[in-house]
Amino acid sequence: MLWKSLIALCVIGAALAEQTPVFLWGANSEAKPSLRTVPQAEFADQLAALLKDHMVVAFEENGLSTKDFLCANSQAQSCYAKLQGVSPKTYYTSVENPSEALRSVAAKREHNSIDASGRLVSPAKCSVGTALFVSFEDDEDVREATLESHDSAIAAISKQFDCKVAYLYLATPSTAPVVQRRKRRDTAATTGGIMWVSGNQFRIFYTSVMYNGVPFSVNALTIENGTSPATTFSVKLATAEATKSLTFDVVYGDGGYFSLTNVAYAGQAFRSTGIINAPTTFSYSCGNLTLETAATDNMYNTLSFNSLQIQAPFSSTYKENFPFGDSWDCVGFVSPGILMGLLVVIILLVIVFIGVCWMMDINTMDRFDDPKGKTITINAGVD
C-alpha cells in the first residue's frame, strides 16, 4: 500500500509541476535535447554553478510559451530582434519550475520590475551570487507589441551591469508569491487628513496621530540625511512643544525594502522593528497602527496612527511631490478567506489521493465458477 501511495503522490506532483521554455544567455551552459523536459533539480544544479561567479538576472514574462519565440511583427521581423544577437545563448524547450529552481539555490534574492518606459523601477546593483527577479508592469493589448517592447527593455537593462551576469528569460510562475504584473489600483485615501512631503525622498499621510489616546498636531517636517544618505535618513515631525517631537529613522534594507526604526515621541522609544516596512516601489498603508513602549510597572504608553500611509522611494528617478505607489497593507496576505480556500483545496487533494489509492487497489477475482463442474444445489424446505 505504501508504494501505491508514493505513486499517487508522484502523479499529483507531476500534475502540479510547470514545464515552461527558458532562454539563457551571457554564460556558457550545457545544451539539452529539445524533446526532453529538464527536471527542476538538474536545472537548479546548473544555476548553482553559475551563481558561484555570476549574478543571475531572471526576466519573468507573463504567459510565456514556445509559440512566443516564433512571434513576428507586422514587418515580418522577429519580436526578439535584440535577443537574437546575444552570445553565448542556450534555449531550453521545457524546464520544470525554472523560477523555483533559481529561488532554491540563490542565497540572496532581490525583486524588481520594469515600468512602461522600459526602465527598472528601483536601481539594481551588480553582485555576484545574487538572483534578481525582474517582472514587467506594462500590459499591451497586442501580444506582438508587448514582446517587442520587452525585448528592447531587456537589451537596454542588460547593458547596465558591469560584472559577470547570466540572464534568463522565462515564464512567470502561476504560483508566484508576488504578483508579477500589476495594473494600478486605488491607493489609500489621501483626502480629509494631513500630508507631509519632502521632495522625492519621503511622503507621509495620516488622518490623526495620538499619544495615549490623546490627539496632537504636527507643525513641520524636517529630514536629516545620515552618514550614508543613500540608505538612511531621519525624519522629525515637530509639534508646538519642542520637547514633544515625533522622530524616526527610515532605512533602506536588502531586497529593495524600506523600514521605520527608532520611533520616539517625547523622549520615549516605541517598538517598531519589523512592523513598518514595504518595498520602495510601494507605499506602506495601515488603517489603524498602534506602537507601544516597553512596559514599566505593568504600564506602557501608546502611539497611534489612523489611516497611515508612508513611502520612501530611495531612488533619484522619482519626481518632486511624487504620488503614492500601490498600497502594501499592514494586514498581511493571509486573510480568513485565503485560509478557508486552502482548507478546501487540502480537503479536495485528500479526496483525490484516497480515490487514486482505491482505484489502484482494485484487483481481479482470484476464483471463478467452473462451467464444467457440478452445479451447486440448495434445497429449501417449508416448515
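Calculation notes
Residues numbered from 1 in each chain as written. Predicted model: local features only at pLDDT ≥ 70, side-chain atom pairs only at ≥ 80, totals over all residues. Heavy atoms only, no water. Pairing = 2+ DSSP bridges. Helix = DSSP H or I, 4+ residues; strand = E, 2+ residues; numbered from the N terminus. Buried < 20%, exposed > 50% of the residue type's maximum accessible area, 1.4 Å probe, protein only. Lys, Arg positive; Asp, Glu negative; His and termini not counted. Salt bridge = Lys/Arg side-chain N within 4 Å of Asp/Glu carboxyl O. Contact = heavy atoms within 4.5 Å. Phe/Tyr/Trp six-rings, centres within 6.5 Å; stacked < 30°, edge-to-face > 60°. Lys NZ or Arg CZ within 6 Å of the ring centre and 35° of its normal. Expected span 1.5 Å × (residues − 1). Arc of directions from axis to C-beta.

1. Some words on the pairing of strand β13 (residues 246-253)
Here is step 1 of the chain: Pairing of strand β12 (residues 232-238) with β13 involves 6 bridges; the strand directions are antiparallel. Along β13, the bridge assignment pairs Ser-234 with Asp-249.
Here is step 2 of the chain: In this antiparallel pair of consecutive strands, β13 and strand β14 (residues 257-265), the connection spans 3 residues, and Gly-255 shows a positive phi of 85°.

2. As for the side chain of Glu-110
Here is step 1 of the chain: Assignment of secondary structure puts Glu-110 in strand β4 (residues 108-114).
Here is step 2 of the chain: Of the side chains with opposite charge, Lys-108 lies nearest to the buried Glu-110, which makes no salt bridge, at 4.1 Å.
Here is step 3 of the chain: In this structure, Glu-110 is in contact with Thr-130, Ala-131, Leu-132, Phe-133 and Gly-255, ignoring residues within four places of it in sequence.

3. So, the environment of Cys-163
Here is step 1 of the chain: Relative to the helices and strands, Cys-163 is located in the loop between α4 (143-158) and β6 (165-171).
Here is step 2 of the chain: Put simply, Cys-163 and His-54 are 109 residues apart on the chain and 7.6 Å apart in space, counted from C-alpha to C-alpha.
Here is step 3 of the chain: Among all residues touching Cys-163, those that are not within four sequence positions of it are Met-55, Cys-126 and Ser-127.

4. Observations regarding the packing of aromatic side chains
Here is step 1 of the chain: One pass over the full model with this rule turns up 21 aromatic pairs.
Here is step 2 of the chain: Ring centres of Phe-23 and Trp-25 lie 5.4 Å apart, and the angle between their planes is 35°; this geometry places the pair in the tilted category.
Here is step 3 of the chain: A relative accessible area of 10% means that Phe-23 is categorised as buried.
Here is step 4 of the chain: The exposure class of Trp-25 is buried, given its relative accessible area of 4%.
Here is step 5 of the chain: Aromatic side chains Phe-69 and Tyr-169 sit 6.0 Å apart centroid to centroid with 85° between the ring planes, which places their arrangement in the edge-to-face category. With Phe-69 in the loop between β2 (55-61) and β3 (89-96) and Tyr-169 in strand β6, this residue pair connects regions lying 100 residues apart in the sequence.
Here is step 6 of the chain: Cluster of aromatic residues (ring-pair linked, three or more members): Phe-23, Trp-25, Phe-59, Phe-161 and Tyr-167.
Here is step 7 of the chain: Here the guanidinium or amino end of Arg-103 rests over the ring plane of Phe-133, the centre of that ring lying 4.2 Å away.

5. Comments concerning helix α2 (residues 40-51)
Here is step 1 of the chain: With 12 residues, α2 should cover 16 Å at 1.5 Å per step; its first-to-last C-alpha distance of 16 Å lies within 8% of that length.
Here is step 2 of the chain: When we look at burial in α2, the residues that qualify are Phe-43, Ala-44, Gln-46, Leu-47, Leu-50 and Leu-51. Buried residues of α2 fall within an arc of 160° about the axis and therefore sit on the same side. In α2, the exposed residues that point more than 90 degrees away from the buried face are Ala-41 and Asp-45.
Here is step 3 of the chain: Contacts from the buried residues of α2 go to β1 (19-25), β2, β3, α3 (98-105), β5 (130-136) and β6.

6. What to know about the pattern of salt bridges
Here is step 1 of the chain: Evaluation of the coordinates by the stated rule reveals 7 salt bridges.
Here is step 2 of the chain: The salt bridge partner of Asp-53 is Lys-164, with a shortest N-O separation of 3.6 Å. Of the two residues, Asp-53 sits in the loop between α2 and β2 while Lys-164 sits in the loop between α4 and β6, which places them 111 residues apart along the sequence.
Here is step 3 of the chain: In this structure, the salt-bridge partner of Asp-68 is Arg-143, at a minimum N-O distance of 2.8 Å. In this pair, Asp-68 is assigned in the loop between β2 and β3 and Arg-143 in helix α4, connecting sequence segments 75 residues apart.
Here is step 4 of the chain: On the accessibility criterion, Asp-68 (10% relative accessible area) is buried.
Here is step 5 of the chain: Residue class for Arg-143 comes out partly exposed when judged on its relative accessible area of 28%.
Here is step 6 of the chain: It is possible to trace a salt-bridge network through shared partners that takes in Glu-30, Lys-32, Arg-36 and Glu-42.

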